[in-house]
Amino acid sequence: MSDLIRRPGGDTSPYSAPGGFSRTEGKGLQRRQNTEIANGLVTAARVQAAGYVAATGMQLSAMLSREAQFQSDGDPRTAERLNYIADSFAEYAALEVRRFQR
């Protein structure tokens with residue numbers, strides 16, 4: 001994998017340090033850069049996962065709402081019961097999406 005960030009000093013060696021840095025400082029810089037890159041990758045993965053969960057929850061919520069409407073066949077009492085189930089699922093899906101914000 002290529003570097004996401006250009007390394008200081010123009011050298012592509014993983015242990016190169018900018019001019020004026022000691023070897024120890026260069027290694028510390030490299031370690032901190034690697035930590036930030038790893039944090040960025042983890043954050044991006046969490047955002048993608050949250051988007052996938054949100055899209056799936058929306059699709060399934062819409063499907064369940066349409067199915068509740070179809071199954072109730074105009075009966076208001078049955079529609080209430082089935083909509084409650086569909087709404088409960090929508091709340092659960094929303095809770096799962098919110099969990100990614102922690």
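Provided above is the structure to which this section pertains.
Summarised in this report is the structure supplied together with it. (Residues numbered from 1 in each chain as written. Predicted model: local features only at pLDDT ≥ 70, side-chain atom pairs only at ≥ 80, totals over all residues. Heavy atoms only, no water.)

Counting its regular elements, the protein contains 2 helices and 0 strands. Per-residue burial over the protein gives 17% buried out of 102 residues. Across the protein, every contact between residues at least 6 apart in sequence was considered, and the portion connecting residues at least 24 apart equals 57%. Within the structure as shown, the protein displays about 8100 Å² of accessible surface, and the carbon and sulfur contribution to it stands at 56%. (Helix = DSSP H or I, 4+ residues; strand = E, 2+ residues; numbered from the N terminus. Buried < 20%, exposed > 50% of the residue type's maximum accessible area, 1.4 Å probe, protein only. Contact = heavy atoms within 4.5 Å. Areas by Shrake-Rupley, 256 points an atom, 1.4 Å probe, with all protein chains shown as cover.)

With phi around 50 degrees, D73 is a residue other than glycine that occupies positive phi space. Locating D73 in the fold gives a position in the loop between helix 1 (23–72) and helix 2 (76–99).

Now for the packing of helix 1 against helix 2. Packed helix pairs are specified by the crossing angle of their axes together with the interaxial distance, meaning the distance between the axes. For the pair helix 1 and helix 2, the least separation of the axes is 9 Å and the interaxial angle reads 180 degrees. As summarised for this structure, helix 1 and helix 2 are arranged roughly antiparallel, according to the angle between their axes. Contact residues: R46, A50, V53, A54, G57, L60, S61, L64, S65, A68, Q71 and S72 in helix 1; T78, A79, L82, N83, A86, F89, A90, A93, E96, V97 and R99 in helix 2. Among the residues making up the contact of helix 1 with helix 2, the classes are represented as 13 nonpolar, 7 polar and 3 charged. (Axes fitted to C-alpha atoms, helices over the stretch in contact; angles between N-to-C directions. Parallel < 35°, antiparallel > 145°, perpendicular 65-115°, else oblique. Nonpolar A, V, L, I, M, F, W, Y, C, P; charged D, E, K, R; others polar.)

Further remarks concern helix 2. Taking 1.5 Å of rise per residue, the 24 residues of helix 2 would be expected to cover 34 Å, and the 34 Å separating its terminal C-alpha atoms lies within 8% of that figure. Among the residues of helix 2, those classed as buried are A79, A86, A93 and E96. Tucked into the core, helix 2 has its buried residues touching helix 1. (Expected span 1.5 Å × (residues − 1).)

This paragraph deals with the environment of V97. Position of V97 relative to the elements: it lies in helix 2. Spatially, the C-alpha atom of V97 lies 8.6 Å from that of G57, the residues being 40 residues apart in sequence. Not counting chain neighbours up to four residues away, the residues in contact with V97 comprise A50, V53 and A54.

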